[in-house]
Amino acid sequence: MVNTEAYQKLRSELDPKGVTLVAVSKIKPVSDIKQLYDLGQRDFGENYVQELVEKQPQLPADIRWHFIGHLQSNKVKYIAPFVHLIHGVDGQKLLKEINKQAAKVNRVIPVLLQVYIAKEESKFGLDAAELEEVLTSAETASFRNIRIEGLMGMASFTENTEAVREEFSILKGLADRWAGHITENIQLRTLSFGMSGDYPLAIEEGSNMVRIGSLLFGARN
Ligand SMILES: *Cc1c(COP(=O)(O)O)cnc(C)c1O
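Note that residues are indexed from 1 along each chain, following the sequence as it is written. For this predicted model, a pLDDT threshold of at least 70 governs which residues receive local features, and a threshold of 80 or more governs which side-chain atom pairs are given and counted, while totals over whole chains, interfaces and linings are taken from all residues. Hydrogens and water molecules were not included; the side-chain quantities draw on all heavy atoms of the structure.

Undergrad: Can you walk me through the pairing of strand E1 (residues 20-24) in this structure?
TA: A regular strand places its side chains so that they alternate between the two faces of the sheet. Only protein chains enter the accessibility calculation, which uses a 1.4 Å probe; a residue whose area is less than 20% of its type maximum is buried, one above 50% is exposed, and one in between is partly exposed. Only DSSP runs of H or I covering at least 4 residues are called helices, and only runs of E covering at least 2 are called strands; the numbering of each starts at the N terminus. Across the five residues that make up E1, a large majority, four, are buried. Two strands pair when backbone bridges link them, and E1 and strand E8 (residues 209-212) are joined in this way by four bridges, in the parallel orientation. Bridging across to E8, Leu21 finds its partner in Val210. Strands were regarded as paired on the criterion that DSSP finds at least two bridges between them. Bridging between E1 and strand E2 (residues 43-46) involves two bridges; their strand directions are parallel. In the sheet register, Ala23 faces E2, and the bridge partner there is Phe44.

Undergrad: Help me understand the site of the ligand in this model?
TA: What surrounds the ligand is a group of 13 residues, the closest being Lys26, Asn47, Ser196, Ser214 and Arg220. Under this definition, polar contacts are N or O atom pairs within 3.5 Å; protein pairs additionally need one hydrogen-donor-capable and one acceptor-capable atom, and for neighbouring residues in sequence, both atoms have to be side-chain atoms. Between the ligand and the protein, one listed contact pairs an oxygen atom with a side-chain N or O atom of Lys26 at 2.7 Å. At a separation of 2.7 Å, an oxygen atom of the ligand approaches a polar side-chain atom of Asn47. Here, Shrake-Rupley sampling with a 1.4 Å probe gives the accessible areas, and only protein chains in the shown set may cover a residue. The fraction of the free accessible surface of the ligand (390 Å²) that becomes covered by protein chains is 90%. In terms of residue class, the shell around the ligand is made up of six nonpolar, four polar and three charged. What makes a residue near a molecule or strand is one non-hydrogen atom of that residue sitting within 4 Å of it. Gly is put with the polar residues, along with every residue not named as nonpolar or charged; the nonpolar set is Ala, Val, Leu, Ile, Met, Phe, Trp, Tyr, Cys and Pro, and the charged set is Asp, Glu, Lys and Arg.

Undergrad: Which parts of the structure should I look at to understand helix H5 (residues 92-104)?
TA: For an α-helix the count is 3.6 residues per turn, leaving residues at separations of three or four pointing the same way. To estimate the expected span of a helix, count its residues, drop one, and scale the result by 1.5 Å. Its 13 residues place the ends of H5 19 Å apart at the C-alpha level, agreeing with the 18 Å of an ideal helix rising 1.5 Å per residue. Among the residues of H5, Leu94, Leu95, Glu97, Ile98, Asn99, Gln101 and Ala102 are the ones counted as buried. We call two residues contacting when some pair of their heavy atoms lies within 4.5 Å. Buried positions along H5 lie against helix H4 (76-79), strand E4 (85-89), strand E5 (109-115), helix H6 (128-136), helix H7 (138-142) and strand E6 (146-153). Of the residues flanking the end of H5, it is Asn106, one or two places downstream, whose phi is positive at about 60 degrees.

Undergrad: Would you mind showing me how to read the nonpolar core here?
TA: In a soluble, globular protein the nonpolar side chains are often hidden away together inside. The biggest cluster of nonpolar side chains holds 61 residues, and the ones touching the most others in it are Ile86, Ile98 and Leu151. In terms of residue count, the dominant contributor to this core is helix H8 (residues 161-178) (six residues). Once residues lying within four places of it in the same chain are set aside, the contact partners of Ile98 are Leu71, Val76, Ile86, Val89, Ile109, Val111 and Ile146. To define a nonpolar core, start from buried Ala, Val, Leu, Ile, Met, Phe, Trp, Tyr and Cys residues and group those joined through side-chain atoms within 4.5 Å. Of all hydrophobic cores here, the second largest spans five residues; its members include Val22, Leu85, Leu112 and Met152.

Undergrad: I would appreciate a short explanation of the packing of H6 against H8 in the present structure.
TA: The description of two packed helices rests on the angle between their axes and on the distance between the axes. Between H6 and H8, the shortest axis-to-axis distance is 12 Å and the interhelical angle comes to 30 degrees. As far as their axial angle goes, H8 and H6 are roughly parallel. You can see that H6 and H8 cross each other, and the crossing is right-handed. Contact residues: Ala128, Leu131, Glu132, Leu135 and Thr136 in H6; Leu174, Arg177 and Trp178 in H8. Classifying every residue of the contact of H6 with H8 gives five nonpolar, one polar and two charged. Axis geometry follows a simple rule: fit a line to the C-alpha atoms, using only the stretch in contact for helices, then measure angles between N-to-C directions, giving values from 0 to 180 degrees. Between 65 and 115 degrees an angle is taken as roughly perpendicular, under 35 as roughly parallel, over 145 as roughly antiparallel, and anywhere else as oblique. Crossing chirality is assigned from the near helix's rotation relative to the far helix, an anticlockwise turn below a right angle marking it left-handed and a clockwise turn marking it right-handed.

Undergrad: What am I meant to see in the pattern of salt bridges here?
TA: Close approach of charged atoms allows side chains of opposite charge to pair. By salt bridge we mean one thing: a side-chain nitrogen of Lys or Arg within 4 Å of a carboxyl oxygen of Asp or Glu. With the rule as written, the count across this model stands at 13 salt bridges. The shortest N-O distance in the salt bridge between Glu149 and Arg147 comes to 3.0 Å. What makes Glu149 buried here is its relative accessible area of 17%. The class for Arg147 is partly exposed, based on a relative accessible area of 34%. Salt-bridge contacts for Glu162 lead to Arg165; the nearest nitrogen and oxygen are separated by 3.6 Å. Taken together, the residues span about one helical turn, with Glu162 and Arg165 both in helix H8 at a distance of three residues.

Undergrad: I would appreciate a short explanation of the side chain of Glu205 in the present structure.
TA: On the secondary structure map, Glu205 appears in the loop between helix H9 (199-204) and E8. Those residues in contact with Glu205 that lie beyond four places of it in its chain are Arg165, Phe168, Ser169, Lys172 and Phe193.

Undergrad: Honestly, the environment of Val53 in this entry has me stumped. Any pointers?
TA: Looking at the element boundaries, Val53 is found in helix H3 (residues 49-55). Taking the relative accessible area as the measure of exposure, Val53 reaches 31% and is therefore partly exposed. A C-alpha to C-alpha distance of 7.0 Å links Val53 and Tyr78, two positions 25 residues apart in sequence. Setting aside residues up to four positions removed in sequence, Val53 forms contacts with Tyr78 and Ile79.

Spelled out as structure tokens, the structure:
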């Protein structure tokens, strides 16, 4: 069930700040997505390739689909023709595959590099040294069909707001450090962090793209 009241409230909070809302619709039915679409929402986020590929043709073509899950290289080809932004790129190999598949469909696909900020084993991402490697490698510079537009991160799942703030500030620090590194296919402008439980903190710490699911669509259980 879509919480339209929460949606309106969120938009009135985010829009004036220029923060993009990605409505995370994983596991939720197409009818829920359509309901938010009818209220004006265009950016939707999905975590699973198969689910996204099934939903996409059933919904309006002007939806901007964000892939926010952990993307396996062998599945890039299924979303390459239409994906708007791939958030969780966590290595050179995946970047290379996205470049290859984008070239096949004659596109330049925007991506975000996922940075590891949580003190949890289960979260994916690059550390500061690996980020530097991806941003400065000659191979990355040779990719004509991707554009690295920013960074993405996920904080630890904890009630400790100071710990979460600290993690977000690491991400912001890295974004600031690389903000001036502008090349043919790199310009870090998008900072994707903040979810239902921590988005106000994320915005305080410099996020300009939040990924919100349960607050809009209800718990996923
Ligand atoms: C599920 C998910 C979200 C949304 O989480 P909520 O807590 O439901 O807002 C955001 N980002 C990623 C990467 C997710 O997997």
